[in-house]
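# A structural walkthrough
These are the residues of each chain, in order.
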Amino acid sequence: METLNYLLDGFGVALAPHNLMFALLGAFLGTLIGALPGLGPANGVAILIPLAFTLGLRPETALIMLTAVYAGAMYGGRISSILLNIPGDEPAMMTCLDGYPMAQKGKAAEALAISAVASFMGSLIATIGLILLAPLLARFALTFGAAEYFALFVLAFATLGGITGKNPVKTIMAAAIGLMIATVGIDNTGVQRYTFGVLELYEGVDFIITIVGLFAISELLFFIEARAGGGKSEIVINKLKLSWKEIVAILPTSFRGGVLGFIAGVLPGAGASLGSFISYTLEKKVLGRKGYFGEGDPRGVAAPEAGNNGASSGALVPMLTLGVPGSGTTAVLLALLISLNITPGPLMFTQNADIVWGVIAALLIGNFLLLLLNIPLVGIFVKLLSVPPMYLLPIVTMVAFVGIYSISNSAFDLYFMVAFGVGGYFLRKLEIPLVPIILGLLLGPEMEKNLRHALDIADGDWTVLWNSGLAIGLWSVAILGLILPYLVGPMLRRRMKAGTETRD
Amino acid sequence: MTMKTPIKLLAALTLTLSGSMAMAFEPSGKVECLAPADPGGGWDFTCRSVGKVLEELDLVPRSVQTINMAGAGGGVAYAHTVSKRAGDEQLLVAASTATTTRLAQGQFQGMDADMVNWIGALGADYGIIAVSKDSEYQDLPALMDALKEDPRAVKFAGGSAKGGWDHLKVLIAAQDAGIENLPRIPYLSYNNGGEAMTQVVGGHVDAFTGDITEAQGFMESGDLRVLAVLSEERLPGEFSDIPTAKEQGIDAVGPNWRGFYMPADISDDAKQYWVDAMDTIYESEEWKQVMKQNGLMPFHMSAGEFESFVKQQIDDIESLSRDIGLIQ
């Protein structure tokens, strides 16, 4: 009952006209970012964080806008999957399998509409899951002491492979880079590390500056390298002919996809790609011969879309309750929370109740907005796909610089951002994933602090680290998370690849 | 009423003098308030709320613009004020006990308290020592006795860094209670008071040290038992049942004041103007409202009194930090 009251208050926040407006703006920009091939949700949110600072938004408004961007990017990813057979982001890969064949059969509009409905269902189910699960988990978080938190952070690092794991060595390198950056500043005991007497470095490297540099600025450099040329030739889609019956036909699929996606999202490290993959594979198993998967089955479009949207809301659960992100994008959102002086965890659900529940309510409302944007107005996004980047680039650059400068009015931050941008560009050229860097940077200091605290409390006795049932449980999951990707990962990837090839 | 004539005379004299030589200071154009942290924190709040009251009382011609300059726990803003803003008569910088703590411990390299003008303080948040509702300790002396027996018997959690204000409050109380070997008392530093309190309420750490406004939520829910507030007298209103450390026989006072400093080399007129403005704000209904809404407690000083208070506090913290080996 308490939850319901909080949620109603949350609707009060989310329905305030300016919040609603920014939710709509976020949903629109998010869908656009999702639709542009190569720009994933993590990059999208990173690029738009400076916009929140540029506009000087209040914390709840900034968060509402950026969660709408996040949800929007998950919707948008399918557009280019279906029309161009290029996934807009990684989780939308599975949508290509049946989406593109549908488009080739002249049913692009139907594929887009069905996937929008499925996305809506997936997201709706997962948001309800979030509402039910988050307060429970937040209360449970009180049982987490320093040792348990340390084990949880180890778990988060152990499952890194699951997030980005093509090349484990590069993933580990990236995480190490993040941890190295995290050591800069005055440490817990007042000792200076790598500050070189520069006052600006005393508090360490700002997460937001690193994220905007690594993701947004490097993205700009990539665009410039691609010669910022013209856009793609305009795509024409057919007129929508979708009956109520066809929508009803995909509802069970969407429901299953949403639930599975949510579970995949809640588990740290699994994330949206796994959500969409599991949903698609399960659907294929459940329907068996009754379907014609890979040849343009609408359910083959619905399952992965419900899955990845479900996972995206699910990933918010560990981020909001424990402060441990379940995916790359939630890591970026976590950095935003921290820079707004909001500490995730059990206290946030009472102390910042208006913000948390406002954001959750906004997620529900945003979903309806997105459905609206993505069925009747999908034509706009299709047109925008062909806007040449030379118009987009200067805007993004300007917003990034103004936004970062407005955080602390220091030119130092701008130099840092550009330096991280150039660094990010080279790392991406070397195919070193960026998300582990962010996770290392965000989680490293917390992990170190909790290790210190655990040992302090136990007067230096190391066994405290596995002294409770909860800690042992977390360690076991961490070990599983470390080993499983090596056993299951190659198999999954082989299957994914096989799936993509058989279709061609 | 015989006093009145000479004052009037003096006032008239000053007026003619200043009229003929230089105009008495009055701010013109933009007034800036520098908050040495990101938006959302205490210093940011100080700037924004005082700025608003300054506008409402017509003490500034237009608006007060809050500028956030985070870094080095206020060190970046301090360095900026010292090196780039000397003589700027329209710049206020938010400060608190965190500023004096860092100055005392030499964390603003090469800078000291004499390099700026201390204008005034407009309120304070008082320190508390609290335990979870299931704790065996019922009052502060009981907790201190346990520490006397074994300095590692009680572990403290707080929101500031090691050697920061939350840590020092414990040491100030422990020192007065006659505990030796202060450096042995375990202090665990968290990102903020909320996180530290969660650990205490969850039963993972023994005691919480922080400010009273931070603890309000858990106090109301009954999860946290406040053993003592570190103020001279009991606090007003809802906090009046919390005993002070003093009445329990431990003479420890820990106000976390909120106030302002200004750059060096400003004219006496300008300094006087802002000192008077601080007094006017503190007396105003508008400010009383702000204090009430945000749990700020009575604490006011300005000009010379404030300056000597700041220097005294820095000396105290310095010698305490030296005693416990935080600085050499």
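All values reported here derive from a predicted model rather than from experimental measurement.

### Some words on the overall build of chain A
Broken down by element type, chain A carries 22 helices and two strands. Across its three principal directions, the C-alpha atoms of chain A cover 70 × 50 × 45 Å. Going through the 504 residues of chain A one by one, you find that 58% of them count as buried. Once local pairs closer than 6 in sequence are excluded, the contacts in chain A between residues at least 24 apart make up 80%.

### Some words on the overall build of chain B
The secondary structure content of chain B amounts to 11 helices and 10 strands. Taken against the 2.2 N^0.38 rule, which gives 20 Å for 328 residues, the C-alpha radius of gyration of chain B at 21 Å falls within 12% of a compact globule. Counting only C-alpha atoms and orienting by the principal axes, one finds that chain B spans roughly 70 × 45 × 40 Å. Partitioning the contacts of chain B with sequence separation of at least 6, the portion at a separation of at least 24 is 78%.

### Observations regarding helix α3 (residues 75–84) of chain B
Summarising burial for α3 of chain B: seven of the 10 residues are buried, a large majority. Where the residues of α3 of chain B are buried, they touch β1 (31–35), β3 (91–96) and α4 (97–104) of chain B.

### Comments concerning unusual backbone geometry
Residues and elements named next belong to chain B. In this model, N181 sits at a positive phi of 60°, which is unusual for a non-glycine residue. Its location among the elements puts N181 in the loop between α6 (165–176) and β6 (187–189). Take N181: there are 13 C-beta atoms within 10 Å of it, and that puts it in the partly exposed class. With phi around 50°, A303 is a residue other than glycine that occupies positive phi space. Residue position: A303 is located in helix α11 (residues 303–323). Residue A303 is classed as partly exposed on the basis of its 18 C-beta neighbours within 10 Å.

### Some points on the nonpolar core
Of all hydrophobic cores here, the largest spans 266 residues; its most connected members are I49, L66, I211 and V212 of chain A. If you tally residues by element for this core, the top one is helix α6 (residues 108–140) of chain A, at 18 residues. Taken domain by domain, this core gets at least three of its residues from each of domain 1 (24–124 + 256–323) and domain 2 (125–255) of chain B. V212 of chain A has contacts with A46, I49, P50, I217, A400, I404 and M417 of chain A, leaving out every residue within four places of it along the chain.

### A closer look at the interface of chain B and chain A
Listed as interface residues are 34 residues of chain B and, on the opposing side, 30 residues of chain A. The set of elements that each furnish at least two residues to the side of chain B that touches chain A consists of β2 (64–68), α3, β6 and α7 (193–201) of chain B. By residue number, the principal contributor to the side of chain B that touches chain A is α7 of chain B, which donates five residues. Taken together, the residues that form the side of chain B that touches chain A break down as 12 nonpolar, 17 polar and five charged.

### Re the domain arrangement of chain B
All names here are of chain B. As far as domains go, chain B holds domain 1 (24–124 + 256–323) and domain 2 (125–255). Inter-centroid distance (C-alpha atoms) of domain 1 to domain 2 is 27 Å. The set of elements that each furnish at least two residues to the side of domain 1 that touches domain 2 consists of α4, β9 (255–262) and α11. Looking at the side of domain 1 that touches domain 2 element by element, the count peaks at four residues for α11. Residues that form the side of domain 1 that touches domain 2 fall into these classes: eight nonpolar, six polar and one charged.

### Here's the deal with the confidence of the model for chain A
On average, residues of chain A score 82 in pLDDT, and 90% of them are at 70 or above. When the elements of chain A are averaged for pLDDT, helix α8 (residues 160–164) of chain A gives the smallest value, 57, and helix α20 (residues 411–429) of chain A the largest, 92.

### Side note on helix α5 (residues 93–104) of chain A
Residue and element names in this part refer to chain A. Helix length check: α5, at 12 residues, gives a terminal C-alpha distance of 17 Å against a target of 16 Å (1.5 Å per residue), a fit within 8%. Those residues of α5 not exposed but buried are M93, M94, T95, C96, L97, D98, G99, Y100, P101, M102 and A103. Among the residues trailing α5, G106 stands out with phi positive, at a value near 80°.

### A closer look at the packing of helix α4 (residues 59–84) of chain A against α5 of chain A
Residues and elements named next belong to chain A. α5 packs onto α4 with a crossing angle of 50° between their chain directions and a minimal axis gap of 6 Å. With respect to α5, the axis of α4 lies oblique. Crossing of α4 over α5 shows right-handed handedness. Packed against α4, whose contacting residues are R78, S81, I82 and L83, the element α5 presents T95, C96, G99, Y100, M102 and A103 at the interface. Looking at the contact of α4 with α5 residue by residue, the classes come out as six nonpolar, three polar and one charged.

### Structural notes on the environment of P255 of chain B
Residues and elements named next belong to chain B. Summarising the element assignment, P255 is placed in strand β9. The buried category is assigned to P255, around which 22 C-beta atoms lie within 10 Å. Filtering out sequence-adjacent residues up to four positions away, P255 remains in contact with A124, Y126, S231 and F299.

### Comments concerning the packing of α5 of chain A against helix α13 (residues 298–314) of chain A
Two quantities define a packed helix pair, namely the angle between the axes and the distance from one axis to the other. All names here are of chain A. Contact geometry for α5 and α13: axes closest at 8 Å, N-to-C directions at 150°. With respect to α13, the axis of α5 lies roughly antiparallel. The two elements α5 and α13 meet at a crossing, and its hand is left-handed. Of the residues in α13, those touching α5 at M94, T95, L97, D98, G99 and M102 are G300, V301, P304 and E305. Residue composition of the contact of α5 with α13, by class: five nonpolar, three polar and two charged.

Analysis parameters
- Residues numbered from 1 in each chain as written.
- Chains lettered and ligands numbered in written order.
- Predicted model: local features only at pLDDT ≥ 70, side-chain atom pairs only at ≥ 80, totals over all residues.
- Helix = DSSP H or I, 4+ residues; strand = E, 2+ residues; numbered from the N terminus.
- Buried ≥ 20, exposed ≤ 12 C-beta atoms within 10 Å, placed from the backbone.
- Contact = placed C-beta atoms within 7 Å.
- Rg over C-alpha atoms; globule rule 2.2 N^0.38 Å.
- Core = buried A, V, L, I, M, F, W, Y, C linked by C-beta atoms within 7 Å.
- Domains from an automatic or database assignment.
- Nonpolar A, V, L, I, M, F, W, Y, C, P; charged D, E, K, R; others polar.
- pLDDT = per-residue confidence, 0-100.
- Expected span 1.5 Å × (residues − 1).
- Axes fitted to C-alpha atoms, helices over the stretch in contact; angles between N-to-C directions.
- Parallel < 35°, antiparallel > 145°, perpendicular 65-115°, else oblique.
- Left-handed = near helix turned anticlockwise from the far one by under 90°.

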